[in-house]
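Understanding the architecture of this molecule
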Amino acid sequence: MSTSTAPRDAVDAPSRARDILGASRLTNESLTAWLHGLPGVDQVGCEARAAMLGTRSIKTTSKAWAIDTAISMIDLTTLEGADTPGKVRGLCAKALTPDATDASTPRPAAVCVYGDMVPFAREVLGEGSGVNIAAVATAFPSGRASMPVKLADTRDAVANGADEIDMVIDRGAFLSGRYLDVFNEIADVKQACVRPDGTAARLKVIMETGELVTYDNVRRASWLSMLAGGDFIKTSTGKVSPAATLPVTVIMLEAVRDWRELTGEMVGVKPAGGIRTSKDAIKFLVAVSEVAGEDWLDPHWFRFGASSLLNDLLLQRQRMRIGAYSGSDYVTDDSPSLY
Amino acid sequence: MSPTTGAPSRVEIKKTYKLYIGGKFPRSESGRSYEVYAGGASSGAFLANAAQGSRKDARDAVVAARKAFPAWAGATAYNRGQVLYRVAEVMEGRRAQFVAEVRASEGVSERQAEAVVGQAIDRWVWYAGWSDKYAQVLGGLNPVAGPYFDISAPEPTGVVAVLAPQASSLLGLVSVLAPVVVSGNTAVVLSSELRPLPAITLSEALATSDVPGGVVNIVTGRTGEVAPWLASHRDVNAIDLAGAAGAEGVVWGDLEAAAAENLKRVVRPAGTGPEAVEPDWTATPDLSRLTAFLETKTVWHPKGR
């Protein structure tokens, strides 16, 4: 499916949205009608399905594979007001060498930092390390700023060398039914991700599902984000609880699966926040495989936004390698974070 | 047990116990339990079902102990002493239950069981009293050639795995557990395999006293199954092998070798050579079990002229 990104960048989101909606003009009314025409989510059924997916027993070689896959899907994250260049350099060093005792440990997919920290991350990661740099933008985490500020925030991060942009949607607009505003916001930020040479940073759209109240809203926000051109749909900022839950992620995985049915294009999914243990991560991988399909079991299409998760995965990895339980003395000590 | 009367006899409620981990009483992750018989022999009368802990339960217990360590080690010595005194008080309140269980488990007479339980409670108080005294005895000012105060102070080593004695189910247990926790260590106890009931009752005493959750974790089960995982666990700082004596399928030398992997402090079982023996726990102890789980911190402080 690696071909699907190139034409996707060229897609003119508003005109495609008009095609999909079958409307001659993209209005808030037409968007509302379409989004509210999506089938409702069976809350009890969805939670039961998620709980059922969480009961699978993944052992031995499958577990080893799952741990390595999960490590390679992590967006290693530090998003604190107290972040310093030193902390970001430390995080990047960890991304390059997750476990100094075992060189076969895969690297995480990306580091995720604030836009102003991108140059420091690039300094350590260089080019060709395989670890991308993701930057949060658009007045993360609240998203409360005017549009020019959000776009400038995005352009600044892209100019600093970010490979991926994690934007937040305006939840206030979404919840009050101003879907067109949200659509335009995403589409504009998508434009701001384009670099002078024509390539573009991949855009992850954070819906902050913890503030969306209902599962129906999660489904609508997922479809709206994909319609507006998001390359990834992401659950949360990690600043709001609850963050990434399994039922919400199942709904999003259903959305990307159905979106591929509709348009033939793949969109990534990134649960972020609150995933701290290997056991949790493996539950998510089971959900990816069962709901969206194996095509999504790839760091290009599925990510974990996390920081402490990596250490737990490394401990599990060490446990399987040395045949004894490992301890926190054997992985690097990271500062506490909400992730 | 109950005297027979004319009325239809009451069906006795046989208990199925659980583990004690992190201040809670979870079932074994494995879902298993095993039968406990009087006298520790399957020819004895059925007493109860105990949870058969697995390596994952031990792992969870280590996690709980590690979590509880900073606060317990950071508590003042006086406070730790008070908390442990309180445990002795609760044990005193459950005296009759302890006596009955020791009697059933160890197959001793009523009078002997009374004596053992009394000693066990006294032993607990004895160690509790050391909480704010051992540092003065074991630490102190070192004479050095220079204008410095040079002070050595003992500190707890961390998470300690304790293989509880197999035969002495209460007095032995208290004799190995109290010296571990009094100095601020947290403990993961693997109880006597065939005589776990006093340990289970002690966990109920601990849970209803002031001991913070996770400071003492008690896993019941097969010593031979779980002990190797504790011995090799990299997040365990020390291990007491007292319970290797008389445990089926346990070679204490192997456990010590596994413990060496991360330089654990090891307290060997009594006896010489590969044969471990269980010592006489009724003898008044010295400080050796307490000191075995301490690290010495030495501080140099300039004092001027």
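The rules behind these values
- Residues numbered from 1 in each chain as written.
- Chains lettered and ligands numbered in written order.
- Predicted model: local features only at pLDDT ≥ 70, side-chain atom pairs only at ≥ 80, totals over all residues.
- Heavy atoms only, no water.
- Disulfide = S-S within 2.5 Å.
- Pairing = 2+ DSSP bridges.
- Helix = DSSP H or I, 4+ residues; strand = E, 2+ residues; numbered from the N terminus.
- Contact = heavy atoms within 4.5 Å.
- Buried area = accessible area lost by both parts, 1.4 Å probe.
- Salt bridge = Lys/Arg side-chain N within 4 Å of Asp/Glu carboxyl O.
- Polar contact = N/O pair within 3.5 Å; in protein donor to acceptor, adjacent residues only side chain to side chain.
- Nonpolar A, V, L, I, M, F, W, Y, C, P; charged D, E, K, R; others polar.
- pLDDT = per-residue confidence, 0-100.
- UniProt positions renumbered as here; feature names shortened; annotations may be inferred.
- Axes fitted to C-alpha atoms, helices over the stretch in contact; angles between N-to-C directions.
- Parallel < 35°, antiparallel > 145°, perpendicular 65-115°, else oblique.
- Core = buried A, V, L, I, M, F, W, Y, C linked by side-chain atoms within 4.5 Å.
- Buried < 20%, exposed > 50% of the residue type's maximum accessible area, 1.4 Å probe, protein only.

**What to know about the state of the cysteines**
For the coordinates displayed, the defined rule picks out 0 disulfides over all chains. For the unlinked cysteine A:Cys193, the closest cysteine sulfur is that of A:Cys112, found at 13 Å.

**Observations concerning the sheet that holds strand E3 (residues 140–141) of chain B**
All names here are of chain B. The strand order across the open sheet built from 3 strands is E3-E4-E10, with neighbouring strands paired in antiparallel fashion. Strands at the two margins of the open sheet, each flanked by one partner only, are E3 and strand E10 (294–302). Examined bridge by bridge, E3 and strand E4 (residues 148–156) share 2 bridges and lie antiparallel to one another. Residue pairing across strands places Gly-140 opposite Ser-152, the latter belonging to E4.

**Details of the interface of chain B and chain A**
Taken together, the contacts link 9 residues of chain B with 10 residues of chain A. Of the roughly 970 Å² buried where chain B meets chain A, counting both sides, 48% is carbon and sulfur surface. The three residues of chain B that bury the most area against chain A are B:Arg59, B:Trp229 and B:Arg234, which together make up 53% of that side's buried surface. Applying the counting rule to chain B against chain A returns 0 salt bridges. Connecting chain B to chain A are 2 residue pairs in polar contact (both at pLDDT 80 or more). Among the secondary structure elements, those contributing two or more residues to the side of chain B that touches chain A are helix H1 (55–74) and helix H8 (223–232) of chain B. Here the residues of the side of chain B that touches chain A sort into 1 nonpolar, 3 polar and 5 charged.

**Looking at the confidence of the model for chain A**
Residues and elements named next belong to chain A. Taken over all residues, the pLDDT of chain A has a mean of 93, while the share at 70 or more is 96%. Mean pLDDT across the elements of chain A bottoms out in helix H1 (residues 5–10) (47) and peaks in strand E7 (residues 268–270) (98). Taken as a whole, residues 1–8 scores under 50 in pLDDT and shows 19 contacts with residues more than four places along the chain or in a different chain.

**With respect to the environment of B:Gly81**
Residues and elements named next belong to chain B. Its place among the elements puts Gly-81 in helix H2 (residues 77–93). Linking Gly-81 and Ser-131, residues 50 residues apart in sequence, is a C-alpha distance of 5.2 Å. Each residue touching Gly-81, except ones within four places of it in the same chain, is listed here: Ala-128 and Ser-131.

**Let's talk about the UniProt feature "domain: Aldehyde dehydrogenase" (unreviewed entry) in chain B**
Sequence positions flagged by UniProt for "domain: Aldehyde dehydrogenase" (unreviewed entry) are, in local numbering, residues 43–266 of chain B. Within residues 43–266 of chain B, the helical portion is 52% and the strand portion 16%, while the C-alpha atoms at the span's ends are 35 Å from each other.

**Section: the packing of helix H3 (residues 28–36) of chain A against helix H10 (residues 179–192) of chain A**
Residues and elements named next belong to chain A. Relative orientation of the contacting elements H3 and H10 amounts to 95 degrees, with a least axis distance of 8 Å. The orientation of H3 with respect to H10, classified from their angle, is roughly perpendicular. Residues Asn-28, Leu-31, Thr-32, Leu-35 and His-36 of H3 form the contact with H10, whose own contacting residues are Tyr-179, Leu-180 and Phe-183. Looking at the contact of H3 with H10 residue by residue, the class counts come to 5 nonpolar, 3 polar and no charged.

**Focus: the nonpolar core**
In a soluble, globular protein the nonpolar side chains are often hidden away together inside. Core analysis: the biggest nonpolar cluster contains 99 residues, and A:Leu31, A:Val111, A:Ile165, A:Phe183, A:Phe302 and A:Phe304 have the highest contact counts within it. Setting aside residues no more than four positions away along its own chain, A:Val111 makes contact with A:Leu76, A:Leu91, A:Cys92, A:Ala95, A:Ala121, A:Leu125, A:Val131, A:Asn132, A:Ile133 and A:Ala134.

**Observations regarding the pattern of salt bridges**
Residues and elements named next belong to chain A. Counting across every chain of the model gives 40 salt bridges over all chains. Its salt-bridge partner being Asp-166, residue Lys-204 comes within 3.0 Å of it at the nearest N-O pair. Here Lys-204 is found in strand E5 (residues 202–206), whereas its partner Asp-166 is found in strand E4 (residues 164–168), with 38 residues between them in sequence. Accessibility assignment for this pair places Lys-204 and Asp-166 in one class, buried. A salt bridge links Arg-178 to Asp-181; its shortest N-O distance comes to 3.1 Å. The class for Arg-178 is partly exposed, based on a relative accessible area of 40%. Given the relative accessible area of 38%, Asp-181 is considered partly exposed.

**Observations concerning the side chain of A:Lys150**
The residue A:Lys150 is located in helix H8 (residues 147–159) in this model. At 2.9 Å, the side chain of A:Lys150 and the backbone oxygen of A:Gly143 are in polar contact.

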